[in-house]
Every structure is written in structure tokens, then in C-alpha cells.
Amino acid sequence: YKLSVSPEMDIMEYCRKEWRGNTPTAKRMRKGYEAVAQKFASIRRIRGDNYCAFRATLFQALSQATQLPRWLQSEDFTMLPETLLSKYDWIKQWQLRQKPGRRMGEISDEIKEYLILLRKKWKNISEIKGPLEKQEACDKLFKNEEEEYSLYEALKFLMLNTAIELYNADKSGRRVPVFSWLLFARDTSSNPCQLMHNHLNHIGHSGGLEQVEMFLLAYALQYTIQVYRLYKYSTDEFITLYPNDPQEDWPVVTLITEDDRHYNIPVRMCQETML
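Residues numbered from 1 in each chain as written. Predicted model: local features only at pLDDT ≥ 70, side-chain atom pairs only at ≥ 80, totals over all residues. Heavy atoms only, no water.

J.: Can you help me understand helix 9 (residues 178-185) in this one?
T.: Along an α-helix, residues three or four positions apart point the same way, because every turn accommodates 3.6 residues. For helix 9, the complete set of buried residues consists of Phe 179, Ser 180, Leu 183 and Phe 184. In a view along the axis of helix 9, the buried residues occupy a sector of 130°, so they form one face of it. For helix 9, the exposed residues lying more than 90 degrees away from the buried face are Val 178, Leu 182 and Ala 185. Close packing links the buried residues of helix 9 with helix 8 (145-171), helix 10 (192-198) and helix 11 (211-221). (Buried < 20%, exposed > 50% of the residue type's maximum accessible area, 1.4 Å probe, protein only. Helix = DSSP H or I, 4+ residues; strand = E, 2+ residues; numbered from the N terminus. Arc of directions from axis to C-beta. Contact = heavy atoms within 4.5 Å.)

Shown next as C-alpha cells:
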């Protein structure tokens, strides 16, 4: 059995264990970790499958949630699968996690269940006042594999919905963020249908999130995802924000990556940083 989010460990201790040599890469990584350690005391390792960007982002969002985001409160939220399927027939080819014995045609109900679960978990955890109890509830949720992967399916579907909104906005001449052009400028995702077939359907199975999809995830959640990209230490991309022009009222979650493929999370802000 693998832990989805392992217990916290001192950041510099973790770094010394992982990066012992004297290669330029090891030196850069140590410098990067030292910079993160100015702000955070500990690190928690995230299980390394193709869902790690989802896992790290959602864990951080839930562990600091104090209220249900506005988009999760809306009446139409759980109707999304029906609404989208009634307009876009191709969504029937959405790749759900394989469960034996599933009949086709239940896709809308299934995704609706995932969205309801996301709302319920977010609401329950955001209502917990004590930080320790909140942390325990998050740890417990991320030990329940069935629920955890259902939440990632919900996130993927929200990304598809956001992509469709951005694509339609651009086609009708409204302003869209720059990443949206980049998303649909790829040969493999020139429209939302291709994005679903060639990218979203593969996330968690044969691939993780690409950089441009980190923007899409941030927009879908209406969160700013701040990432310490350790291999970019001493460049202006060392701390990257998704999106890079965040809305002021979006909460911020912080992740760490050594290679833009696998993400871990820093925890316990140092006291002086909080003041």
C-alpha cells in the first residue's frame, strides 16, 4: 500500500537525503531547497503516479479551505455533465476510470456523482475549525483510494468545462488569457474535443499535466497555483505562478517540483514569514 501524501519531513533533511553529490544539478537543487526553507519548514512527498499535480493541488486547497468556493455553491454545478452532453455529443467518449461491468450511457450520472462528492468533501473539510482536525480529515480522505480518484475525475471534467468556455469566448471575440491560445495552438488540442481525446483522457493513465494544463487547472479551480521549480533556481522562472496574472481574490496554493513532472508540497510556513 502506498501513501498518497506521506508524513511531513524537515525540508533540508529531505534535500540532503535526495541530493548528496557535487554535480551542478545537485548544487542547484540544494540552493533551491534552501530558498524554499526560508518560507516553509517541512515537505510532504506526494505519491508519484500520473495524478500527482491534481493530488498536490487538491490536498493543499482542502487543507487550507475555510469556505466553499463560489463556483462550487452554484445551483447548476451538479448539472454540468447533463448540460455539456446535451450540447456536445463527443463528450460521450470521455474516458472514465475503468470499473468492471460499467454500461455505457451512464457517464453523465457517474460524473455527477463525482462532482457531488467534490462539493461534499470540500464543504465538510472547510467547516472544520481546528487546524489539526482539518489536517486529519485531509489525511483520511487521501487514504481512501476510491474517493480520491473520483475527485480527480471531477477535476478533469471541470478542466474540460473551463476549456470549452475559453474556446467559445475566444471564438466569439471576447478576451481570453494568453495560455488559452497556447492550449489550442497545439496540434493535438486545436479544439476542446481534441483536448479531451489527446490529453484529458490520458491524465492519470499514461501521462500527467503539462505546463499549459496547469494553467487550465488553476482556472478551473479559481486558485493561483504557485510552484517552486527547483531546477530553474536563480532564473526568473524559479517561482512560477499559474496563472501569471492571478485574480486578487483567488486563494494561493504552493507546490514544489524538481522537473515539472512530479510535485510535492511544502508545509508549515515559518513564523517570520507569516508575520
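J.: Help me understand the environment of Pro 81, please; the structure alone is not making it clear to me.
T.: Along the polypeptide, Pro 81 turns up in helix 5 (residues 80-87). Along the primary structure Pro 81 and Ile 111 are separated by 30 residues, whereas in three dimensions their C-alpha atoms are 6.5 Å apart. Discounting residues that sit within four places of it in the chain, Pro 81 has contacts with Ser 108, Ile 111, Lys 112, Leu 115 and Phe 157.

J.: I tried to follow the pairing of strand 3 (residues 224-229) on my own but got confused; where do I start?
T.: As a general feature of sheets, a regular strand has side chains that alternate between the two faces. The element strand 3 is extensively covered by neighbouring structure, given that five of its six residues are classed as buried. Bridging between strand 3 and strand 5 (residues 252-257) involves six bridges; their strand directions are parallel. Paired with Val 227 across the bridge in strand 5 is Leu 255. (Pairing = 2+ DSSP bridges.)

J.: Help me out: how do you make sense of unusual backbone geometry in this one?
T.: Negative phi characterises most residues that are not glycine, and trans characterises most peptide bonds. The amide bond that connects Tyr 242 to the next residue, Pro 243, takes the cis arrangement and shows omega of -10°. The phi torsion at Asp 260 lies on the positive side, around 65°, for a residue other than glycine. By the secondary structure assignment, Asp 260 is in the loop between strand 5 and strand 6 (263-269). The phi angle at Arg 268 is positive, at roughly 60°, despite the residue not being glycine.

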